[in-house]
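Observations on chain architecture
Here is what each chain is made of, one letter per residue.
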Amino acid sequence: MKLRPLHDRVIVKRLEQETKTASGIVIPDNAAEKPDQGEVMAVGPGRKNEKGDLVAMNVKVGDRVLFGKYSGQTVKVDGDELLVMKEDDLFAVVER
């Protein structure tokens, strides 16, 4: 199944967080927090402003983004857990 987000929504796949600290301590799965980074899998066409003009999105497929811990709506597609959220819910793009 392929998802195509509408308006100013993006589909993000969470990136797995390290399960070991810098000092070598292993964090068990039940104690680990949800990661707040992800990769953009799909973007909508953008939103319309007050004049009806289309405002382009600031993110693109493949961008690594930061978002809030409770941002977006979780959906399962083909066994993958994805987040659907508005572009406004994203905090930043991580530059590599």
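Note that this is a predicted model, so its numbers are computed, not measured. Within any chain, residue numbers begin from 1 and follow the written order of that chain's sequence. Per-residue local features of the predicted model are confined to residues with pLDDT of at least 70, and side-chain atom pairs are confined, for both listing and counting, to 80 or more; whole-chain, interface and lining totals are unaffected and use all residues. Side-chain descriptors were evaluated using all non-hydrogen atoms of the structure, hydrogens and water having been removed beforehand.

**A closer look at the sheet that holds strand S2 (residues 37-43)**
Being paired, for any two strands, means DSSP has found at least two bridges between them. A run of H or I in DSSP becomes a helix once it reaches four residues, and a run of E becomes a strand once it reaches two; helices and strands are each numbered from the N terminus. If you trace the six strands from one edge of the open sheet to the other, you get S6-S7-S1-S2-S5-S8, paired in antiparallel fashion. Edge positions in the sheet fall to strand S6 (73-77) and strand S8 (90-94), since each has one partner strand and no second. Each adjacent strand pair in this sheet contributes to an overall mean axis angle of 40°, direction not counted. As judged from the three bridges shared by S2 and strand S5 (residues 64-67), these two strands associate in the antiparallel manner. Bridge pairing in S5 places Gly 38 opposite Val 65. In this analysis, axes come from line fits to C-alpha atoms, helices being fitted only over the stretch in contact, and the angle between any two N-to-C directions falls in the range 0 to 180 degrees.

**Topic: the pattern of salt bridges**
Any two side chains of opposite charge can pair if their charged atoms end up close together. Salt bridge, as applied in this entry: a Lys or Arg side-chain nitrogen positioned within 4 Å of an Asp or Glu carboxyl oxygen. According to the stated counting rule, one finds three salt bridges in the structure shown. We note a salt bridge from Asp 8 to Lys 86, for which the minimum N-O separation is 3.7 Å. Of this pair, Asp 8 sits in the segment before strand S1 (9-14) while Lys 86 sits in strand S7 (residues 80-86), and the two are 78 residues apart along the sequence. Here Lys 60 and Asp 63 are joined by a salt bridge, their closest N and O atoms 3.2 Å apart.

Read these as spatial facts, not as claims about activity.
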